[in-house]
Amino acid sequence: MTSQAVLPLVGVTACLKSRDEFHFHSVGDKYVDAVVVGTGALPVLIPALADRLDPDALLDRLDGVTVTGSPSNVDPAHYGGPAAREDNLADPARDATTMPLIRRAVARGVPLLAICRGIQELNVAFGGTLHQHLHEVPGRRDHRSDKTKALPERYGLAHAVDLTPGGRLQALLGGATRIEVNSLHGQGIDRLAPGLSLEAVAEDGTIEAVSVTGATGFALAVQWHPEWHVLENPVSRRLFAAFADAVRARAAERTGEAARLRAVA
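Residues numbered from 1 in each chain as written. Predicted model: local features only at pLDDT ≥ 70, side-chain atom pairs only at ≥ 80, totals over all residues. Heavy atoms only, no water.

### Some thoughts on the sheet that holds strand β9 (residues 178-181)
The strand order across the open sheet formed by 9 strands is β4-β1-β5-β6-β13-β12-β11-β8-β9, and the pairing between neighbours is mixed. On the outer flanks of this sheet lie β4 (42-46) and β9, each paired with one strand and no other. Each neighbouring strand pair of the sheet contributes to a mean axis angle of 25°, computed without reference to strand direction. When strand β8 (residues 159-163) meets strand β11 (residues 196-202), the two strands line up antiparallel, connected through 3 bridges. Within the sheet, the bridge partner assigned to Leu 163 lies in β11 and is Ala 200. Contacting β5 (64-67), β6 (112-115), β11, β12 (207-212) and β13 (219-222), helix α4 (residues 117-125) runs over the sheet at an angle of about 115° to β6. (Pairing = 2+ DSSP bridges. Helix = DSSP H or I, 4+ residues; strand = E, 2+ residues; numbered from the N terminus. Axes fitted to C-alpha atoms, helices over the stretch in contact; angles between N-to-C directions. Contact = heavy atoms within 4.5 Å.)

### Remarks on helix α3 (residues 92-108)
The terminal C-alpha atoms of α3 lie 25 Å apart, and with 17 residues this matches the ideal 24 Å at 1.5 Å per residue to within 8%. Immediately downstream of α3, the backbone of Gly 109 shows phi near 75°, a positive value. (Expected span 1.5 Å × (residues − 1).)

### Observations concerning the state of the cysteines
In this structure the tally under the stated criterion is 0 disulfides. Free cysteine Cys 15: the closest other cysteine sulfur is in Cys 116, separated by 11 Å. Overall, the relative accessible area of 5% leaves Cys 15 in the buried class. (Disulfide = S-S within 2.5 Å. Buried < 20%, exposed > 50% of the residue type's maximum accessible area, 1.4 Å probe, protein only.)

Shape descriptors only; they carry no functional weight alone.
See below:
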């Protein structure tokens, strides 16, 4: 990598977790590492501050945003769904942080890559709904991983997805029509939000990737986990490389504008 003084900055969304009566803003190292090795940018943790975070003030300083996966689920109150079951893991602080951030990032053309919970947050932020228990939907496979198995097996390729002909994802993957992905999610998109375009679908009909229709910047989301050992999978490498290109372009624009303002001052 080049000098850290000129590295682009990519925000990485965090979860708010509790342990021993203390609260921790945390994010999996695999997301941080994927930003470093997959984009060449410097990751900046975005704490789950809810309404204490000004999205625009933050985005003024960022060149991209990665919306991470998480064991927690979006509160169904955000999309008019039935109340979650008692064993549901929620993170209201994250919900209140990420959804306004997603909307503003897209509106401002800040590059956005959303993963797993991130694609669900994007869909809900734009007015879509979710299946809370995807494996209970008739005709759908169980997209959850077997947690008794070792991580390499859990993150191994699990099923095929078909790419939308002429879509943005197909274009950045060199015209591929079908790819293999991993699968570690219990929830999934039900009604696709207005303003989002279908980019990939599993054989059972589960939406696996979307983009923001007419977005001025990179705005893509996937249900699988491309951050896992990003450089070892050609699909993941291409996805993060495309995100990296958008991040670098944003960084050049942002730093150039800052230089112009300093010159004028």
